Amino acid sequence: MKYKLKMSKEQVVEKARSMVAYARSLGCDDVEFSPEDAGRSEREFLYEILGEVIKAGATTLNIPDTVGYNWPREFGQLIADIKANTPGIDNVIISTHCQNDLGLSTANTLEGAYNGARQLEVTINGIGERAGNASLEEVVMALKCKGELLGGLYTGIDTRHIVMASKMVEEYSGLQVQPHKAIVGANAFAHESGIHQDGMLKNRNTYEIMSPEDIGLFRSNESGLTLGKLSGRHALKAKLFELGYDIDGRELNDVFWRFKSVAELKKVITDDDLIALVSDEVFQPTVVWKFGDVQVTCGTLGLSTATVKLIADDRTEQIACSTGTGPVDAAYKAVDLIVKAPVKLLEYSMSAVTAGIDAIASTRVVISADDDHTTTHHASGEQISRTYSGTGASMDIVISSVRAYVGAVNKMLGLKKQSTS
């Protein structure tokens, strides 16, 4: 209040009261009020302002641990104290919003629920400001596994969609989930230790507190399917369903032909290969330019040269050729000649999806548009440009790189179309 808002307690109360009343006057039946940094606020003043906004018409009180400073017992007690000391609290919903700066956001959220909160603000994969927010998948599965300890609390979420939702957010945001992330990380249901493997072979419940099928993750050996160049669409669809992807129609057809092209070159198609192909086909932005072909010449004897063909949304083909410091640089410059949009490459990373010389390469790029307007970061006040991420996958690193770049460019151009339409 002193340094950011530069307002007195009385001014803050009056502003909160008037803004809640204004929202109600517009016909909003459910108005949420959130006192920033409630976890470190003076308690008596917190009770006072919450009581005032209830009188003004607030129906949901969101209690945030804005900087992730509270620990579970402390945050649970805060919710309990608000319930006990705020006038009119029985007529509203208490909500939690916990940040993860000390790694306690999930624990704090559950303690808030235990002490009376009935709305829990969470994010898929725990993404958010700084160290992130309370993770949806962690909170939901904790309630499913231990709900009896919270008086029988439950959610209406179909947990079988958790893995798919996680993959979608990961792909669209470009924020990769670390392998040891609870619930949705690649290692969450992997058992490498010999002692653990022995127990798993005897009884899955020895080391798994939940079934991977509960969150939409099916084991690769459940059906016994081994995919190769002779596999058909039905086998591919069944295998993808095991991996959490329920796709059909055009999307399945696109993935199938990409799968067949890889299967012609690889003897063994792994689950990770399929996940990379699905990400590259299904989780792509609206097509403004579609990747067609790329041909490069490179080496120590001369400049790298790339020829790129892109297909516009009206199905016309455009071809451009350019030179560069390497094959990827040359290919990106050729793309720029076609799309005719000022683009700045901010990040470029590549990883092998599997081991071996025939591994699929997964590329991720982040770009910005030179002519984009800057926005102000709400916390730091810093002027920042909008960025766009793209991913691509192929056994050829140049093709993978161009697919990622075109995907990022499509996001940029698609957003510009929306803003001008």
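Residues numbered from 1 in each chain as written. Predicted model: local features only at pLDDT ≥ 70, side-chain atom pairs only at ≥ 80, totals over all residues. Heavy atoms only, no water.

A. Representation of the overall build of the chain. Scanning the chain from terminus to terminus reveals 12 helices and 12 strands. Expressed as a percentage of the 421 residues in the chain, the buried residues total 44%. For the chain, the proportion of contacts with a sequence separation of at least 24, taken over those separated by at least 6, is 58%. Looking at the chain as shown, the accessible area adds up to about 22,700 Å², and 54% of this sits on carbon and sulfur atoms. (Helix = DSSP H or I, 4+ residues; strand = E, 2+ residues; numbered from the N terminus. Buried < 20%, exposed > 50% of the residue type's maximum accessible area, 1.4 Å probe, protein only. Contact = heavy atoms within 4.5 Å. Areas by Shrake-Rupley, 256 points an atom, 1.4 Å probe, with all protein chains shown as cover.)

B. Structural detail: unusual backbone geometry. Positive phi outside glycine occurs at Asn125, with the angle close to 65 degrees. Here Lys340, not a glycine, exhibits a phi torsion of approximately 55 degrees, which is positive. Mapped onto the secondary structure, Lys340 falls in the loop between α11 (327-339) and β8 (343-352).

C. View of helix α5 (residues 136-146). Restricting attention to buried positions, one finds in α5 the residues Leu136, Glu137, Val139, Val140, Met141 and Leu143. Here the buried face of α5 lies against α4 (105-114), β4 (119-121) and α6 (162-173).

D. Representation of the packing of aromatic side chains in the model. Overall, the coordinates contain 4 aromatic pairs when judged by the stated rule. With 6.4 Å between their ring centres and 40 degrees between their planes, Phe256 and Phe259 make a pair best called tilted. Taken together, the residues Phe256 and Phe259, both in helix α9 (residues 249-263) and 3 residues apart, mark about one turn of the helix. Here Phe256 falls in the buried class, since its relative accessible area comes to 5%. Residue classification places Phe259 among the buried residues on the basis of a relative accessible area of 0%. (Phe/Tyr/Trp six-rings, centres within 6.5 Å; stacked < 30°, edge-to-face > 60°.)

E. Seen up close, helix α3 (residues 72-85). Over its 14 residues, α3 extends 20 Å from the first C-alpha to the last, a length consistent with the 20 Å expected when each residue adds 1.5 Å. Pro72, Phe75, Gly76, Leu78, Ile79, Asp81 and Ile82 are the residues of α3 that are buried. Contact partners of the buried residues in α3: α2 (43-56), β2 (60-65), β3 (93-98) and α4. (Expected span 1.5 Å × (residues − 1).)

F. Here's a closer look at the sheet that holds strand β1 (residues 32-33). Pairing is parallel across the open sheet formed by 4 strands, whose spatial order is β1-β2-β3-β4. Two strands close off the open sheet at either side, each with one partner strand: β1 and β4. Summarising the sheet, β3 and β4 pair through 3 bridges and their orientation is parallel. Looking at β4, one finds that His97 is bridged to Glu121. (Pairing = 2+ DSSP bridges.)

G. Broad picture of the packing of α2 against α3. Where α2 meets α3, the axes come as close as 10 Å, and the angle between the chain directions of the two elements is 50 degrees. It follows that α2 is oblique to α3 by the angle criterion. α2 and α3 meet at a crossing whose hand is right-handed. Across the interface between the two elements, Arg43, Leu46, Tyr47 and Leu50 from α2 touch Glu74, Leu78, Asp81, Ile82 and Asn85 from α3. Residues belonging to the contact of α2 with α3 are distributed by class as follows: 5 nonpolar, 1 polar and 3 charged. (Axes fitted to C-alpha atoms, helices over the stretch in contact; angles between N-to-C directions. Parallel < 35°, antiparallel > 145°, perpendicular 65-115°, else oblique. Left-handed = near helix turned anticlockwise from the far one by under 90°. Nonpolar A, V, L, I, M, F, W, Y, C, P; charged D, E, K, R; others polar.)

H. Up close: the sheet that holds strand β7 (residues 317-324). Overall, antiparallel pairing links the 3 strands, which are arranged β5-β6-β7 in an open sheet. Strand pairing shows two members of the sheet lacking a second neighbour, β5 (289-297) and β7, which therefore form its edges. Across the sheet, the mean angle separating the axes of adjacent strands is 20 degrees when strand polarity is ignored. Here 8 bridges tie β5 to strand β6 (residues 304-312), and the two strands are oriented antiparallel to one another. Note on β6: the bridge partner recorded for Trp289 is Ala312. Together, β5, β6 and β7 form the strand contacts of α11, whose direction differs from that of β7 by roughly 140 degrees.

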